Every structure is written in structure tokens, then in C-alpha cells.
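# Fold and contact review
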Amino acid sequence: MFPAYLLVDGVLGIVSAARAARAHERWGPPLAEGALDIATGLLAFLFPAGAVLGFVLVTAAWALLTGGLMLGAAFRLEAG
């Protein structure tokens, strides 16, 4: 399901970029996001085990980073 979502989201991002270009608005970021979503969707479709490993690694990095930030914030709090 994830690769299909990324492919659809990428196509919609490119459509959004085309509409923004017609309206003379910023179209670069939506186009880049759409292209990146399509590329990631294709990679996740071709290498599903790699996509699962990527999820695990990103989740682990997120947990370590947010945990460290919460610890840092807790130590900075004044005991009241």
C-alpha cells in the first residue's frame, strides 16, 4: 500500500506544481516533492524489504532524537 500511496501522492504533487505554475506561484517545491515521492514509491515497490528496513531505521532515529530532546528539556526545567 505504501508504494501506491507514494506514487499517487507524487502524481498529485506534480499536478499541484503545474497548477501553481499557471497561477504564477511557487511551483518548484511541489514539483520536487512529487518527483521525490514517485522515486521513493518506485524504490519501495522494487525493494519492499528495504522499505521496511528504512521505516525501522527512521523510526529508531526519530525515537532517539526526540527522547534526547525531551531529556534535555527535563533537565532544563526548574524544580518548583
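Analysis parameters
Every chain is numbered independently, its residues counted from 1 as its sequence is written. Thresholds applied to this predicted model are a pLDDT of at least 70 for local features of residues and 80 or more for the giving and counting of side-chain atom pairs; totals over whole chains, interfaces and linings are not thresholded and use all residues. Side-chain numbers here rest on the full set of heavy atoms in the structure, without hydrogens or water. A residue's pLDDT is the predictor's confidence in that residue, given on a scale from 0 to 100. Strands here are runs of E lasting at least two residues and helices are runs of H or I lasting at least four, both read from the DSSP assignment and numbered beginning at the N terminus. Only C-alpha atoms enter the line fits that serve as axes; for helices the fit covers just the stretch in contact. Angles between N-to-C directions range over 0 to 180 degrees. Note that the term roughly parallel is reserved for angles under 35 degrees, roughly antiparallel for angles over 145, roughly perpendicular for angles of 65 to 115, and oblique for everything else. For a crossing to be left-handed, the near helix must be turned anticlockwise from the far one by less than a right angle; the clockwise case is right-handed. Contacts are assigned to residue pairs that have any heavy atoms within 4.5 Å of one another. Residues are sorted three ways: Asp, Glu, Lys and Arg are charged, Ala, Val, Leu, Ile, Met, Phe, Trp, Tyr, Cys and Pro are nonpolar, and all the rest, Gly among them, are polar. Type-normalised accessible area, obtained with a 1.4 Å probe on protein chains alone, sets the label of each residue: buried when under 20%, exposed when over 50%, and partly exposed for intermediate values. Asp and Glu count as negative and Lys and Arg as positive, but His and the ends of the chain are not part of the count. A side-chain nitrogen of Lys or Arg and a carboxyl oxygen of Asp or Glu constitute a salt bridge if their distance falls within 4 Å. Helix span, as expected, comes to 1.5 Å for every residue beyond the first.

## A few points about the confidence of the model for the protein chain
Here the protein chain shows a mean pLDDT of 92. Residues at 70 or above account for 98%. Of all the helices and strands in the protein chain, helix α3 (residues 48–76) carries the lowest mean pLDDT, 92, while helix α1 (residues 2–22) carries the highest, 95.

## Concerning the environment of T59
Positionally, T59 belongs in helix α3. Between the alpha carbons of T59 and S16 there is a distance of 29 Å; along the sequence they are 43 residues apart.

## Remarks on the packing of α1 against helix α2 (residues 28–46)
α2 packs onto α1 with a crossing angle of 160° between their chain directions and a minimal axis gap of 7 Å. As summarised for this structure, α1 and α2 are arranged roughly antiparallel, according to the angle between their axes. By crossing handedness, the relation of α1 to α2 is classed as left-handed. Here F2, P3, L6, L7, D9, G10, V11, G13, I14, S16 and A17 of α1 lie close against α2, whose contacting residues are P30, L31, E33, G34, A35, D37, I38, T40, G41, L42, A44 and F45. Partitioning the contact of α1 with α2 into residue classes produces 14 nonpolar, six polar and three charged.

## Regarding the environment of D9
Mapping D9 onto the fold places it in helix α1. Here the alpha-carbon distance between D9 and G41, two residues 32 residues apart in the chain, equals 9.3 Å. In contact with D9, not counting residues within four places along its chain, are E33 and D37.

## Side note on the side chain of D37
Structurally, D37 can be placed in helix α2. In this structure D37 is buried but unpaired, with R19 as the nearest side chain of opposite charge at 16 Å. The residues touching D37, leaving out its near neighbours within four places in the chain, are L6, D9 and G10.

## Some remarks on α1
Here α1 contains 21 residues, and its C-alpha end-to-end distance of 30 Å stays within 8% of the 30 Å for a straight helix at 1.5 Å per residue. Looking at the buried residues of α1, the elements they touch are α2. Positioned one or two residues after α1, H24 has a phi angle of 60°, which is positive.

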